[in-house]
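# Reading the structure
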Amino acid sequence: MRKFLKPEEVLYFCGEISKKSMLIEFKVANYRSIGEEQVLTLIPNTAYDDYPDNIITEGAYNALNACAIYGNNGSGKSNLLSAIAMLDKLIHLSARTASTTNLPYDPFLLRKGYEENPTKFEITFIVEGIRYKYGIEFFQKHISREWLYRKGKGREVLLFGREDDIIEPTSSLKANKTVLDAAIEATRSNGLFLSTCDMLNVAEARIIMKWFRDLNSLNGIYTEAQEIRTVKMWDKDDMKEVISDYMLSLNLGITALDISTKDFDESDLPQDLSDSVRRELMNTLKDKQSYSVATTHKIYDKDGNETPDRLSWNLDERESEGTIKAFHLSGPIISALTTGGVLIIDEIEAKMHPIITLNTIELFLDKKTNPRGAQLIFATHDTNLLTFSRLRRDQIFFTEKNVWESTELYSLSGIVHPENNQKERLDTNKEKRYLEGRYGAIPYLSTPDTLINTIRNGKEG
């Protein structure tokens, strides 16, 4: 029986390990269920000395290689992760959107006055030993503020600041003045100056955009879009073996994995299409390729003994939802580990066995499988991870609604128990205490009287 990949069995083909890029902190305010500013920090708590391998170091900076977010349904976990993904999307699409395109302004609606305030995103990260802090504030129609700071060996300096349509680069932003003037002129009220600078090949903007290219955010329930990433990686000979070995290591009953591609053929279209729909699809799919993923299984004789024969079938048609998800995620996981990127997964445990979920997390926590300092940020309801994963107390976060139903984010490392005024100890049974409600962020349920009466009376609604 195959076991999970040992750290030394994970292969890397990116050459010599380069300087690490790291996410340090993310701030969000006035976005969906989040009213007041909330801060997700990956800066390690210096009071803790457990699991030192969970700390990534690059020059003078340290960051955690993973963090877990727990909370009741509807507490705002997904909105927090969605905010990071939304900033990433805005940065990449800004320069290509029309001047009439609305921004994704979705303010907190349950307290009066917030609909008059901007949404705020701010992210701090490290690129090749340099710390950048980039932020925006926006409404539906326009960017109201935008800023970028850089900190190298000296003090932090402002590279540019923006108030509505007034954009002011400083002398610290190294770029040709003519180019910067063109970038200012080309930046629309609903567009980002950073993205326009990248479009005009401003060197520092390109460095920052490269960091964002290694940030991938996905939903653990709906992973179909990630299949394309995995298939594209499969075309690279060095990645084909890694993806295949990863899938076989999960002991899903698969002996081999294969992906085949073929050019579009009109005969692949359903026969009952109308002529107009058929013509439209043919024009759309002309010169396109399709692919199929096949898994191979052993064949056994009548006595249950293995034979040399093998049977292959289509992944999507015959495999379980968990196996399909494992394939979908194999590309993003391996990509993050080989580039040192940031992988964000909402509902990481969905459709997966707890041990496979644990194995995924451990790949990021072990320096042998994560030498480039990739980071995993995930939301989950899997309380087993509180017991069995090697997560530090400063890597465990909770979301909970306050009295006016706004999401609040807090870390286990910051919880002080009122009965003894002490913080959580290392050897505490964190899973048990979480389920007991000691950390908050759990549902408090009651059974409605109407349901009890209906059950007693034997009536259907």
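We now turn to the structure provided with this report.

This paragraph deals with the packing of helix H1 (residues 77–93) against helix H4 (residues 203–213). Contact geometry of H1 with H4 gives a least axis separation of 11 Å together with a crossing angle of 135°. By the angle between their directions, the pair H1 and H4 is classed as oblique. Relative to H4, the crossing made by H1 is left-handed. Every residue of H4 that contacts H1 at Asp 88, Ile 91 and His 92 is listed here: Met 209, Phe 212 and Arg 213. Grouping the amino acids of the contact of H1 with H4 by side-chain chemistry returns three nonpolar, one polar and two charged.

Scanning the model with the defined rule gives 17 aromatic pairs in all. With 5.6 Å between their ring centres and 50° between their planes, Tyr 105 and Phe 139 make a pair best called tilted. Taken together, the residues span a long stretch of sequence, with Tyr 105 in the loop between H1 and strand S6 (119–127) and Phe 139 in the loop between strand S7 (130–138) and strand S8 (143–151) at a distance of 34 residues. Grouping aromatic residues by their ring pairs yields a cluster made of Tyr 70, Phe 398, Tyr 410, Tyr 434 and Tyr 439. Sitting over the face of the ring of Tyr 149, Lys 133 holds its NZ or CZ atom 5.1 Å from the ring centroid. Between the NZ or CZ atom of Arg 393 and the centre of the ring of Tyr 48, over which it lies, the distance is 3.9 Å.

Let us now look at the pairing of S8. Two elements, S7 and S8, share eight bridges in a ladder whose sense is antiparallel. Within the sheet, the bridge partner assigned to Ile 136 lies in S8 and is Glu 146. Between S7 and S8, which pair antiparallel and follow one another directly, the connecting turn spans four residues. As judged from the six bridges shared by S8 and strand S9 (residues 157–163), these two strands associate in the antiparallel manner. In the strand pairing of S9, Trp 147 is matched with Gly 161. Taken together, S8 and the strand that follows it, S9, pair antiparallel across an intervening segment of five residues.

Take the environment of Val 157 next. Position of Val 157 relative to the elements: it lies in strand S9. Considered as a pair, Val 157 and Leu 194 are 37 residues apart in the sequence and their alpha carbons are 16 Å apart. Apart from the residues within four sequence positions on either side, Val 157 is in contact with Leu 148, Tyr 149, Arg 150 and Ser 172.

Parameters and conventions
- Residues numbered from 1 in each chain as written.
- Predicted model: local features only at pLDDT ≥ 70, side-chain atom pairs only at ≥ 80, totals over all residues.
- Heavy atoms only, no water.
- Axes fitted to C-alpha atoms, helices over the stretch in contact; angles between N-to-C directions.
- Helix = DSSP H or I, 4+ residues; strand = E, 2+ residues; numbered from the N terminus.
- Parallel < 35°, antiparallel > 145°, perpendicular 65-115°, else oblique.
- Left-handed = near helix turned anticlockwise from the far one by under 90°.
- Contact = heavy atoms within 4.5 Å.
- Nonpolar A, V, L, I, M, F, W, Y, C, P; charged D, E, K, R; others polar.
- Phe/Tyr/Trp six-rings, centres within 6.5 Å; stacked < 30°, edge-to-face > 60°.
- Lys NZ or Arg CZ within 6 Å of the ring centre and 35° of its normal.
- Pairing = 2+ DSSP bridges.

Any functional reading would require information that these geometric values do not contain.
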